[in-house]
Amino acid sequence: MTTWSVVKDDSQEISHRRRYFRYAVFSLTALLVLSLGIALIPRQPAPPAEPQFSEQARAAAFADAMSLRSAGLGLTDPAAGAGKAPTSASLDRVVTLLTLQARALMLPGDPAASGPSAGPTPGTTSRTAPGPTGGSSAPASASPLPSTAAGLAVALSASSVQRLKDSETADGGMARLLAGAGTAQFLAAQDLAAAAGVPAEVLPAPAPDPGPATDHADDPSGTGRPEDTPAPSAASAAPPCTAIPSAFPSADIAEETNRATLASALSSAVEAELEAVYGYQAALTRLDPASVVPASHLLEQHKELADGAAAQSRMHCAAVPPQQPGYALSQAFLDAPAAGLGRLEAGTLAVYGDVVALSAGSTRSWAVSALVAAAGRTRHWGADPGPLPGVPLDESELPQLPGFPEE
């Protein structure tokens, strides 16, 4: 090997090393530039989490209450031409009801909390859009406000149906609030429709809980439900109760606590219905002749409800209270049995409100239907079911609607 060839080999090796070095420098430079570029590009903010279904349902209920309230206020204006009795009185009651419901549903972050400028545009009303689970969500779009009492009755009844539907999915406390709001709106829509001369069949109505057929020919409960569709009752062959143990002891404790609470609520429902049956049986001989037939039909409803509450109790592994030989009836009840039945019916509202809040699935659907029926029977006897039937309410503790005149 010559000296020249050795030098040539050394030069080639040095050239290869320089080439590798340049590749390494270029690669590191590119990596540095790329990393700096990524660091300088601001990260896109994560999209806000979608509100829980209960919050969506509450916001939709609040928006509809405010919009329908605006429509009612517009119709009570003498310039609207709807200021004649009995429509005027019905409209005033609707506005008062929706004001109380909006106050109960309002949270500080809602648009109306900032004043009327953030509320619905005058002349329009919000409409709820179906949520991901089939219920309602936040208001979707604005549509013209009802311009007549009849139109408001239809819109109010449609809102009640949506509230009752949402109550079957929402969390416990919110389910109770939505069920109460929907129940009161449904009764108010019927009252306004009757005053405006709108047939009850035109109004959207909640689907009744299925039950055995009856032969009733009228609607003494005042709920708009045909009497061949009875008060809600559980299936005669309710599935047997099953307690499935959890893999986590804490979950077992929570499940047992919830089961015991629901069992207590169902036990109260059974006792309330048995007492109602006794009260109706005692009142039948004291009522005026015109009230006997509807009272007899309502007595059958209470018998079916007592059987339904007992079946629901057995389904949830709860003991069914035995029927008592009798119940104490006050002298006021015996002297004025119609008013006494109204008080008796009103007393069942909170009972079914408890079951709505503590249950789920088919039991809650049964309780929601029972709450609507109980409110209708309460109104039938001249008692007031309140702005949120089934919900304990102190109106003095509700927040005011900023920027809106109070009735």
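Small disclaimer: the values here were computed from a predicted structure and weren't measured.

Cut-offs and rules
Residues numbered from 1 in each chain as written. Predicted model: local features only at pLDDT ≥ 70, side-chain atom pairs only at ≥ 80, totals over all residues. Heavy atoms only, no water. Helix = DSSP H or I, 4+ residues; strand = E, 2+ residues; numbered from the N terminus. Buried < 20%, exposed > 50% of the residue type's maximum accessible area, 1.4 Å probe, protein only. Contact = heavy atoms within 4.5 Å. Axes fitted to C-alpha atoms, helices over the stretch in contact; angles between N-to-C directions. Parallel < 35°, antiparallel > 145°, perpendicular 65-115°, else oblique. Left-handed = near helix turned anticlockwise from the far one by under 90°. Nonpolar A, V, L, I, M, F, W, Y, C, P; charged D, E, K, R; others polar. Core = buried A, V, L, I, M, F, W, Y, C linked by side-chain atoms within 4.5 Å.

**Student:** So, the side chain of glutamate 345: which residues are in play, and what are the values?
**Tutor:** Structurally, the position occupied by glutamate 345 is in helix H9 (residues 337–358). What makes glutamate 345 buried here is its relative accessible area of 1%. Once residues lying within four places of it in the same chain are set aside, the contact partners of glutamate 345 are Tyr280, His302, Ala374, Arg377, Thr378 and Trp381.

**Student:** Run through the packing of helix H2 (residues 53–76) against helix H3 (residues 87–105), naming residues and quoting values.
**Tutor:** Contact geometry for H2 and H3: axes closest at 9 Å, N-to-C directions at 150°. Taken as axis vectors, H2 and H3 run roughly antiparallel relative to one another. Here H2 and H3 pass one another in a crossing that is left-handed. For the pair H2 and H3, contact is made by Arg58, Ala61, Phe62, Ala65, Met66, Leu68, Arg69, Gly72, Leu73, Leu75 and Thr76 and by Leu91, Asp92, Val95, Leu98, Thr99, Ala102 and Leu105, respectively. Broken down by class, the residue content of the contact of H2 with H3 amounts to 12 nonpolar, three polar and three charged.

**Student:** If you had to explain the nonpolar core to someone new, which residues and values would you point to?
**Tutor:** Counting 66 residues, the largest nonpolar core has Val94, Leu152, Leu156, Leu192, Tyr352, Val355 and Trp366 as the members making the most contacts within it. Elements supplying a minimum of two residues to this core: H2, H3, helix H4 (149–167), helix H5 (172–196), helix H6 (249–283), helix H7 (289–315), H9 and helix H10 (361–380). Excluding its chain neighbours within four sequence positions, the residues that come into contact with valine 355 are Leu262, Ala265, Leu266, Thr363, Trp366 and Ala367. If you look at the next biggest cluster of nonpolar residues, it comprises 12 residues, including Tyr280, Ala295, Leu299 and Leu341.

Don't take any of this as a statement about function, it's just geometry.
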